[in-house]
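Per-entry structural report
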Amino acid sequence: MKLQEYTESRHNFEECMKCTVCTAYCPVLQVNPLYPGPKQAGPDGERLRLKDPWFFNYALKYCMNCKRCEVACPSGVRVADLIQSARIRYDHTKPKLRDRILASTDLMGKLTRPVAPVVNGVTGLKIAKSAMDAMLKIDHRRTFPKYSGRSFEAWLRSHEKEQAAFPKQVAYFHGCYVNYNHPDLGKDLVKVLNALGVGVQLLDHEKCCGIAMITNGMSEQATRHAVHNIAVLKKAVVDKGLTVVTTSSSCTLTLREEYPNLLGVDNSAVHDSLLMATRYIYERLEAGAKFRFRTDFHKKIAYHVPCHMERLGWSIFSERLLRMIPGVEFTLLDSACCGIAGTYGFKKENYEASQAVGEPLFEQIRSVNPDIVACDCETCKWQIEMSTGYSVINPISILAQALAE
Amino acid sequence: MRFDTVIIGGGLAGLVSGISLQQAGQQTAIISTGQNALHFFSGSFESMQEVPKRTLDLFAGAGIRVHYNPGVRLTPLGTFREAALSLEDTSLFPTPRFADKILIVSFAGYLDFFTSFLAEGLEKQGMSCRICVLNLPELEKLEQGPSEVRSVQIARTMDRIWEKVVQEIRALLRDEDTVILPQVFGLQDISVPGRIRQGVPARVVFAGTMPPSVPGIRTQMLLKQRLRVLGGTYLMGDEATRANIVDGKVHSIVTRNLGSHCLEADNFILATGSYFSKGLKTNPFSIFEPVFGLDVEYDEDRNRWYDPAFANDQPYMNYGVRTDAALHGLHKGKPIGNLFVAGSILGNTRPDLGSGAGLAIRSAQVAVDQILSL
Amino acid sequence: MTTKDFDVIILGGGITGAGTQRDCAMRGLRTLLIERSDIATGATGRNHGLLHSGARYAVNDAESAEECIRENMILRKIASHCIDETDGLFITLPEDDLAYQQTFVEACRKAGINAEIIDPKLAVRLDPAVNPALTGAVRVPDGSVDPFRLCAANMLDAKLHDGQVRLHTEVTGFIREGDTILGVRTRNLQTGETEEFRAPVTVNACGIWGHHIASLAGVNIGMYPAKGALLVFSHRVNQMVINRCRKPSNADILVPGDTVCIIGTTSTHIPFEECDNVAVTPDEVNLLITEGSKLAPSLSSTRILRAYAGVRPLVSADDDPTGRNISRGIVCLDHEKRDGLKGFITITGGKLMTYRLMAEMATDVVCRKLNVNKTCETAHKPLPGSEERSYEQVARRIWETPSMAQKAAASRMGTSVSRIGKLDRYDNALVCECEEVSVGEVNDAIERMEVSSLTDLRRRTRIGMGTCQGEFCACRAAGLLAKARNCVEKERSDLADFLQERWKGNFPIGWGDTLREAEYTQWIYKHVLGL
């Protein structure tokens, strides 16, 4: 390389032209005046923090890590990465019990599964909600995701043999939500992939991707999970030559982008083989595979692009698959944040902001008045269902419903 | 994934191309590295002394209200520049002396609207000015953040409370025939500027602010919406990293987000803009076009890239990608048959097409016509 | 024409002049400082901003080394808000002779500089920017100093001691009676107004321009203008000052200063006519990048913000064409003794580091001439803003949880930040987002610090010194200045001058992101704002 042939900086902060476009698209800034905004928290703040870590501002915790600033930035600055990595480097306050509980999605799943009906009953109770609100500062107005009695892993293990019989194989990183809260989504994926002649395998014990740990100040735990998951993924990708599919846009972004960019965990061996299932399916269809759809499936579907899907840039695959279903009246909603941002909206101090951020999206959904809101993210699902009453379904499950038996 | 045409660059040139092609029945995709120069739009389309009907139709179809009236526009620093085609909320005057008595209205704590410069510039033209600063409690929430009393943030509030502003202005008006307001109205609701004009019993002129430009953002949103309604695909936040060229023709484009999933098309339009948007890249030794490695017209002696006087024309701003008459991009002197170049990446290599917005629109239309005639 | 009387007139608003005025004023003299341009426009504001430990001079110039380390320790106490105590490294690279390290360390110790040989691996841990190929490292008490802030604080303190200042005022001639200088005739370069000022003593502290001033007074000082070019990188790459452990040469010091870092310098003899308009050549830029990348390899791929050059006011000692072998020693000339010219002294040579000592020496001569018997107090009385050493504590005392902008203000203003501590919400709005300068801070500078242009404002507050180089803040600040001064028309041309001044430093390194920013600035000011 010649001197000054190109220039580089951490998360491209020196490429910032100070144009302030990111601040125009930040959903938090619109509702929370305590947040300094992506430009100041990101590239502007970075120069000061390099001068003296004392310049780190604790108000950076208000960033939802939705990445909309990065999508909007004309200069390719990884604004949200700058903010999150500043939090990792400089915020040494110990996470609160509440944040640790919210962030430990797989631990919570494991603990509650045997007593799921009880937990579901309790978290639904007004008195329990008030108690959580008072003691843990988890907002009482929130609806809690339900826990499932039997994990997805257990279910798939019981179908291992029949899955192995398919000529083509993929591994599935199901994530905590499918495993503990909503195994039906995993089952739907298996159904859809089987219809294409593809069998589904579990990974050799995945752990939570760690996204909630990153945003809740638990980067060390998140890094441990990342190291574990990459090792597990390598077994599938490198040793077995499998593609790994996912059904959650946030898990996918974490595995593909946050691991190397925020946690410094090298994922280059598996990066290109980690795909959202919608992309994998689309590519199978492009390669000649065919679905047989029901003829009596008539639905008005409004597709919401989750923030992390927007950042991945892969919503076109979900969109194209949904448009492919005969009898679907498809509307693409304006890309906007729903406000939940993972565990962010669960916290009492963020509730109002969270709902205000999502309001334009809710309003749009109400005006479209669809039968189904389609969306690739589980936390968006909770938020939109709770806030609008419309039912939100992952595109994979919609495909599964639309397939002929 | 396959399209009829893939457009690299989601600014004015890219959007005009995409919309025109979709209207003609093509399936197009636009790859855009984030938001674009429309966010820094002055409100007037430069070098559009003549406006073809198809351009006006395109804007009308997108719901963008423009007016054509050759004359001058008022700049945010109180000077005047020639303009002919503008967004509705940017007024055009036959001469700089457009009023007698003017009331200039701004908001407390708003640093990006230059009332004193405006007043001084207008008084130079013989108009008298009075400046009033409104103190609105609705803006107080913004003021808690040190950098939030900026145009876009104010505009979001104004979409809700513009009627109140109209009332305040009515109370403030004495004998002024004209009111000047900052361009912070109608970010989401396009009807607001017109309704303010109806509500105020004097002529209302909206003057520009420090970017980001509210009318510019609105224009971008409307064009993007139009493309989507027509069935076009807009890949926001993605970046074309390289092209696969087979037998002198572009086969497909590789993007950062899609990786191995290439975007194939019959035709391609390169509308990535100039330096700011990295359509052209520079280092101490060269100026180059990063996606296709197209030939760039520039002086190899770096010392000649600049004029030491900031106010002078800067040679580097004239440099651009080389094309043939039909705007095919040239690679090592040879045209690439299915690649067309549009917008400011052309620099001043095609002075016949104008500059700025005019160049973007005209070159996009040349490219579109070529593609559709194939 | 008006005439005013003072005890002493100081010519030159660089750090030497400002320091001398402060010292004189603190010793009870009625002082006037006259500066042709603005404060710190000459060599004061055009160097590394290095708080020398003296180590660089230890081998060749023990006297300068000793002065440096003494003043270094004094400045840490009296000018803490201008100083960043980063410490420094002298690294030996494979192509350097490691044996020099021993000579170097011994010379340092002799001069009283705490130089400690450390494991090269430790050096890389202390500052990961250091070239990992190093074969040796010595740690010394270097640091960085903001010369604008230091100069402004001296001038502010002189004002607090009833000193008067005339900026943008040129000396057109001396009032002279026989062999005695009685005062100066001046012309204000902004208003054209002419004035006369009288004082029994006039001090020439004009740096390289002192040559011209002396000749106006009819005496000759053999000065040697040596241009030094530097590059500003757009963020702090290094946390410690990095020097080469070898005989001083080109581009061998990298200083982390405020939010940036600076590599320099070169040394070229230039004619006096060029001193007013020094330009950085492409060869100098290449040399600085090449040599700088040896100290910290990441410089080869770090965005460069600007290039600038200053002129060292060296006093010729021999015919060395590089100017490097001239001692950086202080030259204090009593022209009565030297040339038989009464009432005129010249203080020159020296360096930023030893300004206080130079001021003390000059003031001693002034006091002797005026028969004033007061001792110098500048070595222990802190400058305004430096009454407390930790800006973190200052900020915490004023604000419970200071915002980033408030922290930035505290780091720039020291204890003086209390002046903007209780301002209303409008004053907390940011003018310059890159450097986090608020309306309150800008207005404070306008009110108290003799600001007549945006460029003046930049030197006092850092507006426009960040990555965007004034793209956004210039216009906002111009609005504030126009309001405070009620002079819109002047602000319009001031804005153009400011942008021109920024561009001057940008185009010599106009590529990559810096060129993108320049194009964007052109677009905004010409096409959108209509300047």
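Only a predicted model underlies this, so the values are computations on that prediction, with no experimental measurement involved.

Observations concerning the overall build of chain C
Helices and strands together make up the secondary structure of chain C, namely 17 helices and 24 strands. Its C-alpha atoms give chain C a radius of gyration of 23 Å, near enough to 24 Å, the size a compact globule of 531 residues would have. With respect to the principal axes defined by its C-alpha atoms, chain C has extents near 65 × 55 × 45 Å. Counting across all 531 residues of chain C, residues that qualify as buried make up 63%. A separation threshold of at least 6 residues defines the contact pool for chain C, and within that pool the share at least 24 residues apart is 71%.

Focus on the overall build of chain B
Looking only at helices and strands, one finds eight helices and 19 strands in chain B. Taking 2.2 N^0.38 as the reference for a compact globule, 374 residues should give roughly 21 Å; the C-alpha atoms of chain B span a radius of gyration of 22 Å, in line with that estimate. Projected onto the principal axes, the alpha-carbon positions of chain B cover approximately 70 × 45 × 40 Å. Going through the 374 residues of chain B one by one, you find that 58% of them count as buried. A fraction of 67% describes how many contacts in chain B between residues 6 or more apart in sequence connect residues 24 or more apart.

Description of the interface of chain C and chain A
Taken residue by residue, the interface counts 30 residues in chain C and 23 residues in chain A. Of all the elements in the fold, those that place two or more residues in the side of chain C that touches chain A are α8 (282-295), α12 (404-413) and α17 (512-528) of chain C. In terms of residues, the side of chain C that touches chain A owes the most to one element, α17(C), which gives five residues.

Quick notes on the interface of chain B and chain C
Across the boundary between the two partners, chain B contributes 41 residues, which contact 41 residues of chain C. Of the residues forming the side of chain B that touches chain C, the biggest block, three residues, is contributed by helix α3 (residues 115-124) of chain B. Here the side of chain B that touches chain C is built from residues that sort into 22 nonpolar, 14 polar and five charged.

Topic: the sheet that holds strand β8 (residues 392-393) of chain A
Residue and element names in this part refer to chain A. Taking strand neighbours across the sheet as the criterion, the four strands line up as β6-β5-β7-β8 in an open arrangement whose pairing is parallel. With partners counted over all chains shown, the strands left at the sheet margins are β6 (328-332) and β8, one partner each. Its contacts with the sheet place helix α21 (residues 395-402) against β5 (299-303), β7 (372-374) and β8, and it is angled at close to 130° to β7.

Re the sheet that holds strand β3 (residues 44-45) of chain B
Residue and element names in this part refer to chain B. Pairing is antiparallel in the open sheet, where three strands are placed in the order β3-β5-β4. Each of the sheet's edge strands pairs with one partner strand only, and the pair in question is β3 and β4 (66-74). For β4 and strand β5 (residues 80-87), the ladder comprises seven bridges, and the chain directions are antiparallel. By the bridge assignment, Gly-71 is partnered in β5 with Ala-83.

Regarding the domain arrangement of chain C
Residue and element names in this part refer to chain C. One can read the domain layout of chain C as domain 1 (2-43 + 148-222 + 328-370), domain 2 (80-145 + 224-315) and domain 3 (423-528). Each of domain 2 and domain 3 was reduced to a C-alpha centroid, and the two centroids are 29 Å apart. The element that contributes the greatest number of residues to the side of domain 2 that touches domain 3 is strand β20 (residues 304-315), accounting for five residues. The residue inventory of the side of domain 2 that touches domain 3, partitioned by class, reads seven nonpolar, two polar and three charged.

Brief notes about the confidence of the model for chain C
Counting all residues, the mean pLDDT for chain C is 94, and 97% of those residues have values of 70 or more. Model confidence for the complex is summarised by a pTM of 0.95, with the ipTM given as 0.96.

Re the pairing of strand β2 (residues 28-32) of chain B
All names here are of chain B. Of all five residues in β2, five are buried; the element is thus mostly enclosed. Side-chain alternation along β2 places Thr-28, Ile-30 and Ser-32 on one buried face and Ala-29 and Ile-31 on a second face that is also buried. Sheet analysis places strand β1 (residues 2-8) next to β2, joined by four bridges and oriented parallel. Residue pairing across strands places Ile-8 opposite Ile-31, the latter belonging to β2. Chirality of the crossover, the property in question, places the unit of β1, helix α1 (residues 12-23) and β2 among those that are right-handed.

Observations concerning the nonpolar core
Among the nonpolar cores identified, the biggest contains 427 residues, and Ile8(B), Val431(C) and Ala477(C) are the most heavily contacted of them. Among all residues touching Ile8(B), those that are not within four sequence positions of it are Ile31(B), Ala240(B), Ile253(B), Phe268(B), Ile269(B), Leu270(B), Ala271(B), Thr272(B) and Val291(B).

A few points about the environment of Arg462(C)
Residue and element names in this part refer to chain C. Topologically, Arg-462 is positioned in the loop between α14 (454-461) and α15 (473-485). Note on Arg-462: 23 C-beta atoms within 10 Å, which makes it buried. In the structure, Arg-462 is positioned 26 residues away from Glu-436 in sequence and 8.9 Å away in space, judged by C-alpha atoms. Discounting residues that sit within four places of it in the chain, Arg-462 has contacts with Asp-258, Arg-412, Glu-435 and Val-437.

Thoughts on helix α8 (residues 356-373) of chain B
The end-to-end C-alpha distance of α8(B) is 26 Å, a good match for the 26 Å that 18 residues give at a rise of 1.5 Å each. Here α8(B) lies mainly inside the structure; 14 of its 18 residues are buried.

With respect to the environment of Ala518(C)
Residues and elements named next belong to chain C. Position of Ala-518 relative to the elements: it lies in helix α17. In this structure the C-alpha to C-alpha distance between Ala-518 and Trp-503, which are 15 residues apart in sequence, comes to 7.7 Å. Non-local contacts of Ala-518, meaning those with residues more than four positions away in its chain, are made with Trp-503, Asn-506 and Gly-510.

Some points on the packing of helix α12 (residues 183-195) of chain A against α21(A)
Residues and elements named next belong to chain A. Running from N to C, α12 and α21 cross one another at 55°; their axes reach a closest spacing of 8 Å. When the interaxial angle is binned, α12 and α21 end up oblique. Two packed elements cross with a definite hand, and for α12 against α21 that hand is left-handed. Of the residues in α21, those touching α12 at Leu-185, Asp-188, Leu-189, Lys-191 and Val-192 are Ile-396, Ser-397, Leu-399 and Ala-400. Taken together, the residues of the contact of α12 with α21 break down into six nonpolar, one polar and two charged.

Some remarks on the pairing of strand β8 (residues 136-140) of chain C
Regular strands show a simple pattern: their side chains alternate between the two faces of the sheet. All names here are of chain C. Within β8, five of the five residues are buried, which leaves it mostly tucked inside the rest of the structure. Neither face of β8 is exposed, since Gly-136, Val-138 and Val-140 on one face and Ala-137 and Arg-139 on the opposite face are all buried. Direction of pairing for strand β7 (residues 116-118) relative to β8: antiparallel, over a ladder of three bridges. Across the sheet, the residue bridging to Ile-118 is Ala-137, located in β8.

Thoughts on unusual backbone geometry
Cis geometry is found at the peptide bond from Pro211(B) to Pro212(B), where omega equals 0°. Within the element layout of this structure, Pro212(B) appears in the loop between β9 (203-207) and α7 (214-229). Cis rather than trans, the peptide bond between Gly264(C) and Thr265(C) has omega equal to 0°. Here Thr265(C) shows up in the loop between β18 (260-264) and β19 (268-269). With phi around 50°, Asp247(B) is a residue other than glycine that occupies positive phi space. Take Asp247(B): it is sitting in the loop between β11 (240-246) and β12 (249-255). The exposure class of Asp247(B) is exposed, given the 6 C-beta atoms found within 10 Å. Residues other than glycine seldom take positive phi values, yet Asp162(C) does so here, at roughly 70°. Mapped onto the elements of the fold, Asp162(C) is located in the loop between α6 (147-160) and β10 (164-166).

Criteria and cut-off values
Residues numbered from 1 in each chain as written. Chains lettered and ligands numbered in written order. Predicted model: local features only at pLDDT ≥ 70, side-chain atom pairs only at ≥ 80, totals over all residues. Helix = DSSP H or I, 4+ residues; strand = E, 2+ residues; numbered from the N terminus. Rg over C-alpha atoms; globule rule 2.2 N^0.38 Å. Buried ≥ 20, exposed ≤ 12 C-beta atoms within 10 Å, placed from the backbone. Contact = placed C-beta atoms within 7 Å. Nonpolar A, V, L, I, M, F, W, Y, C, P; charged D, E, K, R; others polar. Pairing = 2+ DSSP bridges. Axes fitted to C-alpha atoms, helices over the stretch in contact; angles between N-to-C directions. Domains from an automatic or database assignment. pLDDT = per-residue confidence, 0-100. Right-handed = clockwise from strand over helix to strand, strands pointing away. Core = buried A, V, L, I, M, F, W, Y, C linked by C-beta atoms within 7 Å. Expected span 1.5 Å × (residues − 1). Parallel < 35°, antiparallel > 145°, perpendicular 65-115°, else oblique. Left-handed = near helix turned anticlockwise from the far one by under 90°.

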